[in-house]
Amino acid sequence: MKRFVYINDDESPTQEIYCDNRISNRKYTLLNFLPKNLWEQFSRFMNQYFLLIACLQLWSLITPVNPASTWGPLIFIFAVSASKEAWDDYNRYLSDKKANDKEVWVVRQGIKKHLQAQDIHVGNIVWLRENDEVPCDLVLIGTSDPQGLCYLETAALDGETDLKTRAIPSACMGIDSDLLHKIKGVIECPNPDKDIRRFDANLRLFPPFIDNDVCPLTIKNTILQSCYLRNTEWVCGVAVYTGNETKLGMSRGIPEPKLTAMDAMIDKLTGAIFVFQIVVVIVLGIAGNVWKDTEARKHWYVLYPNEGPWYELLVIPLRFELLCSIMIPISIKVSLDLMKGLYAKFIDWDAEMIDHETGCPSHATNTAISEDLGQVEYILTDKTGTLTENKMVFRRCCINGIFYGNESGNALKDARLLNAVASGSPDVIQFLTVMAICNTVIPVQSKTGAILYKAQSQDEDALVQAAAKLHMVFVSKSGNILEIRYNASVLHYEVLEILEFTSERKRMSVVVRDCQNRKIILLSKGADEAILPYTAAGQQTRTFSEAVEQYAQMGLRTLCLAWRELKEDEYHEWSLMFREASSTLVDREWRIAEVCQRLEHDLEALGITAIEDRLQDGVPETIETLRKAGINFWMLTGDKQNTAIQIALSCNFISPEPKGQLLLIDGKTEDEVSRSLERVLLTMSITTSEPKDVAFVVDGWALEILLKHYRKAFTDLAILSRTAICCRVTPSQKAQLVELLKSCDYRTLAVGDGGNDVRMIQQADIGVGISGREGLQAARAADYSIGKFRFLKRLILVHGRYSYNRTAFLSQYSFYKSLLICFIQIFFSFISGVSGTSLFNSVSLMAYNVFYTSIPVLVSVLDKDLSEETVMQHPQILFYCQAGRLLNPSTFAGWFGRSLFHAIVVFIISINAYAYEKSEMEEVAMVALSGCIWLQAFVVTLETNSFTILQHLAIWGNLIAFYVINWIVSAIPSSGMYTIMFRLCGQPSYWITVFLIVAAGMGPILALKYFRYTYRPSKINTLQQAERLGGPILSLGNIEPQPRSLEKEVSPLSITQPKNRSSVYEPLLSDSPNARRSFGSGTPFDFFQSQSRLSSSSYSRNCKDN
Amino acid sequence: MDVDGGSTSSDSTRVRSIPIRSGQCKAFLSQFKQQSLPACKPVLTPAWVIAIHLLLGFVFIPIGLVTLHASRGVLEIVDRYDADCVPEEFKGNKVSYIKDTSVPKNCTRILKVHKYMKAPIYIYYQLDNYYQNHRRYVKSRSDQQLLHGLKYNDTSSCKPEESNNGLPIVPCGLIAWSLFNDTYTFIHGTAELRVNRKNIAWKSDRDHKFGKHVYPFNFQNGTLIGGGKLDPNIPLGDQEDLIVWMRTSALPSFRKIYGRIEEDLEADDVIVVHLMNNYNTYSFGGKKKLVISTSSWLGGRNDFLGVAYIFVGSSAVILSLVFLLLHVKNPR
């Protein structure tokens, strides 16, 4: 599982084995596009269904209409999907081509040549200049920098905007730049993988380049594809991974498509309609065969043969199958895709979700799941960088037992500390030295002379900045020599080793040589539990522990600083081990950690730094609003328990003692954890009856045990608890928690900003990334990326809610209009001898589904039932979306009933008004069709809450278009409906009939809607009235009977859905007096009361489910 | 009305947007992107809903009355003759009567005019329980052949009456094959009443759907004779009975025009109809009726629209009163 790369060897076999540097992100090629794309499209059930119908229609014996009426839309829909794919693929091809055609300098046959990037082979030496993009993964062998360093911007790879230092391997040090392109050697490296943080390889140079030793290579010695070279004149490197095998290429993957709850519901309803259709087909098929045998043979003019073919019995059912096939609207998929695309665009365009600090707009990467935003029940949030700004400021410190900054809250202004610095107190000097050099920060001298620090970690940045303010200025770093300016004197330190930070070790150290007195010292900083246990035996660490405790309670991030003087030989002995560990290929990280451990002991703790990470603007308000909307919050953080709790308190996550109660689950062993869990569960179920805000806190260790051994009980707890704080959790635990909630059938939204949140974000139903300071990694993996946490409120309440409402309307309406025309066909079959005659002609049927009824409903994408402000003020209204009140079997039954009613109205009126001498088939069909179209227009009008000019245009324009199109068709002599529409429009009876259909169809619906709206209003209606009539919003208080009616309305849901959501929220709506009062006054008491009711009801549900 | 409203509003926006086009366009676009287009948000207030229903009632009831009046103004004489025209000895077996070519099919009916009927008076024949909309039946025709005649060869759609003795049939298909062939002559007083049998089919059908140079060929030559025969010397475009017949009806009970009487009939006039009862409806229990009817601006006599209008209108008024009452008793 290794690859051997022979450097600069044009004859070596590697050239053939490994691919060239042609990048290809394309899904298709010209040849396989059609079959592959068709195959993908036909793997969906709906498409298979439509294809089957279309194929059946080719059999002219059974087809009621021209096959074109299905093939047309089908091909259209497929063409749209395919061209979208093709367009995307073409764009990928273009960007690939751009990258592939880029010219770079490559060494060939010992001569530098200007070649296209795609011709680079593994083993080639590539030369890059400043600001060049790296074309493939390279191992550095030379730079312009005498120290062998270069700087790299890796934003395209991991999203981090700071510059990274990369160094040439020690073996290549000092090779003259003229000789570089003659270099020969072999690199032993692992097979391509996607880990951009690891590269465990070895390099051996061939003579004449001395140093026949194996030289270890790490990620530090590589420059990876898509990075940019900065601040370095030139570099050269050996290509090790090329084309799609680079680290970047390997990490590209096709994300799993996510299915929204709504899609699942639509699929379910489609399934139900399909079953209904089959039943109709069977019933009508039997009836048709019976009628044929008993009646039709008597009707001599039909001339039924006495003996039919063997499949005779099937003919009539199949005809009805085709006739009823339009029950499942072929247009729904296209309409939904269009709508969803537009929802996503609305999110991208939203001016109120632009982060004005960075000018970064919100972005919807995944265009298909907007509705899910409106149905979120759980939000799992990261803390650092998500709730907080991740803008670290050094606030306090404790040096050798003395607390600085306690009075003013800012140690930098503490006179005692300033005095101590001025007087040169050795403790303080040591402390500051560690702050200034124990890091990986790169100082950059700007043109104005000010020093800018490029740091990977915000904490380090804060520390270096603070040290600089305390006159310990980290001036420059040239190679291994660090220059520190303390007051007037300039100090130099030589960095010997960097023992890097890993999340397992939780500390980092540097070994430096003090150039003044040649002493070697080890400087460490890290979490208290990673430093204090390793202090020298005699040292008292109690004050430090207390300091950590105290700071953590204030919500500050603490770091413990320590140092130790090393003896010369101790260091040399250790450095050999370290070197060996660094060049292992197997388990290198673990080996290094082990070796580091050998040096990091007997430390002398110097003090504690406390860094404040400020809350982002609007976080408490956002959390409060979203919790009012019935969303439960879990905080998952890698931070310490105390810090996490403090942050949680300060951002309204939990409430302080009298109102809130924190339940702790802890323990080191299984038994302890289990007992603790039982206790918490018990308390939880008792307190649900009390108006108390209960949250549980669990740390990573206990969580590990819980997830492994007590999953069931923990799931119960998860269902009970509206709030949870999980601290010290690893990225994979975060993902596990998401998984756990998802398995309880909750809609989860994970929000985070850093690389450690990526797994959680990908796991959740909706992943939201904050494009923050920890880089763009999370934002890239996420479905939505936003600039600040507070935009989440708008994302969910405005965009999510509108999307849900609109999709609910669109999907149900699509079924309604298809059912309407289908019912008319079914009724017609009763008066046409159950023979499966189609009343409508093919053109009308096709146009009905594709044009007449699709366009008006598409503009419902602009519909707003409530204004954004109202929704923000009354976030409770989101319950309707969460509980799926607008799209569920019972609302669907309403639409089903409406289509049945309208079909009856249209059918009865058309056949009675156009009876006797006017009963010509084409005319009756057009009268019925006009009736349908008019009803459509009014149904859309009635269901639209707000009319913009576009809606008027679409609804009434469509009606006009219907006549224009039919006039055009009626003018074609060869068409079946030649002159029909002109004749009809000239008849007064046509218009009288159409208006009768509209009045008879819409009158009762309007009356019913009005009755419900006024006497059985939902909360949405109440708010609408309040908003539009300008009445007092507190009139919400008058809607007592409302929940009951809702309960009735939703009750059929419980039969089909295992999870009875209506019962969850019903109690909350019924105790709306409390909730209502809380809108106005905003007193937290009522708010929590209603919450506790909620949790009690969810508990009862839980019991029920069990 | 709504259609007009829609078109004018779209026109007016276009007109408005021309002068300050770019600015307004941009503003419109940004409003669209922010989902903040100015919108009108109607509320279902009691006043509105009650007014709409009341208005509906007040518009619909008068229209209903007018419509009903127009329908009632139409005079029609309907005479069912299929049963009575069967001679006594065949009453038990009507099918054998109609199938027996040796039995004379003539029959005389006497119709009495009750009220003065103003010309033009239309003569229809009405068939009940006759499924012209049956799938086998409606599909069995070839529009291309009707227009182009023998030049058009593909008559597969006409099955099972597409050819006979290996020769194509013109006009092919079940519909043409089952052409209605009862004939009527009307005696008014002593003289024969002139019945105009021209221009009874749609002009568009005569001109564009049925060929002017397509002559019946090989029609009703098979062993199984369906309905009427056609004069092979008259082109299809002039065979108006066929053209009328081939406009299939959507309902199992329908009337088709037979001719027009172009003189007024006085009250108490007696019309004697000599008819040839050729067409077989006995095998499936279909009824045959002769209808003589005047016409109004709404067409023939059909009370449905008027009654429905009055019903819908009065329901709307009642509903609005109920809402009004509810609102007064229980104002929100």
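Residues numbered from 1 in each chain as written. Chains lettered and ligands numbered in written order. Predicted model: local features only at pLDDT ≥ 70, side-chain atom pairs only at ≥ 80, totals over all residues. Heavy atoms only, no water.

Helix and strand counts for chain B stand at ten helices and eleven strands. Against the 2.2 N^0.38 benchmark of 20 Å for 332 residues, chain B shows a C-alpha radius of gyration of 29 Å, more extended than a compact globule. In terms of its C-alpha atoms, chain B occupies a principal-axis envelope of roughly 85 × 55 × 35 Å. A burial count over chain B gives 47% of its 332 residues as buried. (Helix = DSSP H or I, 4+ residues; strand = E, 2+ residues; numbered from the N terminus. Rg over C-alpha atoms; globule rule 2.2 N^0.38 Å. Buried < 20%, exposed > 50% of the residue type's maximum accessible area, 1.4 Å probe, protein only.)

The next point concerns the packing of aromatic side chains. Tallied over the entire structure, the rule returns 69 aromatic pairs over all chains. With centroids separated by 6.5 Å and ring planes inclined at 35 degrees, the aromatic side chains of Tyr184(B) and Phe186(B) adopt a geometry described as tilted. For the pair Tyr184(B) and Phe186(B), one class covers both residues: buried. If you follow Arg507(A) out to its NZ or CZ, it ends over the ring of Tyr534(A), 4.8 Å from the centre. In this arrangement the basic side chain of Arg885(A) is found over the ring face of Tyr880(A), its NZ or CZ atom lying 5.5 Å from the centre. (Phe/Tyr/Trp six-rings, centres within 6.5 Å; stacked < 30°, edge-to-face > 60°. Lys NZ or Arg CZ within 6 Å of the ring centre and 35° of its normal.)

Domain parsing of chain B yields domain 1 (46-74 + 301-331) and domain 2 (75-295). Each of domain 1 of chain B and domain 2 of chain B was reduced to a C-alpha centroid, and the two centroids are 41 Å apart. (Domains from an automatic or database assignment.)

What follows concerns the interface of chain B and chain A. Taken together, the contacts link 82 residues of chain B with 95 residues of chain A. Taken together, the two surfaces of chain B and chain A that pack against each other cover about 7500 Å², and 68% of this comes from carbon and sulfur. Considering only the side of chain B, the residues that lose the most area to chain A are Gln35(B), Leu44(B) and Arg135(B), jointly responsible for 11% of the buried surface there. The interface formed by chain B and chain A holds two salt bridges in total. Close ionic contact of Glu1027(A) with Lys41(B) constitutes a salt bridge, the shortest N to O distance being 3.4 Å. (Contact = heavy atoms within 4.5 Å. Buried area = accessible area lost by both parts, 1.4 Å probe. Salt bridge = Lys/Arg side-chain N within 4 Å of Asp/Glu carboxyl O.)

This part is about empty space enclosed by the protein. Residue and element names in this part refer to chain A. Evaluation of the coordinates by the stated rule reveals eight cavities of 30 Å³ or more. Here the largest cavity is characterised by a volume of approximately 180 Å³. The wall of the largest cavity is formed by 19 residues, among which Ser-69, Thr-70, Ser-325, Ile-326 and Asn-849 lie closest to the centre. Going through the elements one at a time, helix 3 (45-57), helix 4 (68-101), helix 8 (312-324) and helix 27 (842-852) are the ones with two or more residues in the lining of the largest cavity. With four residues, helix 3 is the largest single contributor of residues to the lining of the largest cavity. Looking at the lining of the largest cavity residue by residue, the classes come out as 13 nonpolar, six polar and no charged. (1 Å grid on protein atoms, 1.4 Å probe; cavity = no way out; pocket = protein on both sides within 12 Å on 5 of 7 lines; lining within 4 Å. Points joined across faces, edges and corners; volume = space filled by probe spheres on them. Nonpolar A, V, L, I, M, F, W, Y, C, P; charged D, E, K, R; others polar.)

All names here are of chain A. Relative to the assigned elements, Ser-177 resides in the loop between strand 7 (163-167) and strand 8 (185-190). Assessed through its relative accessible area of 31%, Ser-177 is described here as partly exposed. C-alpha separation for the pair Ser-177 and Cys-236, spaced 59 residues apart in sequence, amounts to 9.3 Å. Once you skip the residues sitting within four places of it in the chain, Ser-177 turns out to touch Trp-127 and Trp-234.

Attention now goes to the sheet that holds strand 23 (residues 507-514) of chain A. All names here are of chain A. Overall, antiparallel pairing links the nine strands, which are arranged 17-16-26-25-24-23-22-21-20 in an open sheet. Unpaired on one side and paired on the other, strand 17 (402-404) and strand 20 (472-478) mark the two borders of the sheet. Strand-to-strand twist across the sheet, computed as the mean angle between neighbouring axes with direction ignored, equals 30 degrees. With respect to the sheet, helix 12 (residues 426-437) is in contact with strand 16 (388-399), strand 17, strand 20, strand 21 (481-486), strand 22 (489-499), strand 23, strand 24 (520-526), strand 25 (557-566) and strand 26 (604-615), its orientation differing from that of strand 26 by roughly 55 degrees. Helix-sheet contacts for helix 16 (residues 568-582) involve strand 22, strand 23, strand 24 and strand 25, and the interaxial angle to strand 22 is about 45 degrees. (Pairing = 2+ DSSP bridges. Axes fitted to C-alpha atoms, helices over the stretch in contact; angles between N-to-C directions.)

Residues and elements named next belong to chain B. As recorded in UniProt, the sites labelled "transmembrane region" (unreviewed entry) are residues 47-68 and 304-326. With 100% helix and 0% strand, the stretch residues 47-68 has end C-alpha atoms that lie 31 Å from each other. In residues 304-326, the share of helix is 100% and the share of strand is 0%. The end C-alpha atoms are 32 Å apart. (UniProt positions renumbered as here; feature names shortened; annotations may be inferred.)

Quick look at the packing of helix 26 (residues 791-830) of chain A against helix 32 (residues 921-943) of chain A now. All names here are of chain A. Two elements in contact, helix 26 and helix 32, have axes separated by 12 Å at closest approach and are oriented at 155 degrees. The angle between helix 26 and helix 32 falls in the class roughly antiparallel. Relative to helix 32, the crossing made by helix 26 is right-handed. The segment helix 26 lies against helix 32, with Phe-809, Tyr-813, Tyr-816, Lys-817, Leu-820, Ile-821, Ile-824 and Phe-828 engaging Met-921, Leu-929, Cys-932, Gln-936, Val-939, Val-940 and Glu-943. Per-class residue counts for the contact of helix 26 with helix 32 are twelve nonpolar, one polar and two charged. (Parallel < 35°, antiparallel > 145°, perpendicular 65-115°, else oblique. Left-handed = near helix turned anticlockwise from the far one by under 90°.)

So, on to the pairing of strand 16 of chain A. Residue and element names in this part refer to chain A. Of all twelve residues making up strand 16, nine are buried, and the element is well covered by its neighbours. Relative to strand 26, strand 16 is paired through eight bridges, and the arrangement is antiparallel. Residue pairing in the sheet places Ile-399 in a bridge with Gly-607 of strand 26. Both strand 16 and strand 17 contribute to a ladder of three bridges, which runs antiparallel. Its bridge partner lying in strand 17, Cys-397 is registered against Tyr-404. Connecting strand 16 to the next strand, strand 17, in antiparallel fashion are two residues, including Asn-400 with a positive phi near 50 degrees.

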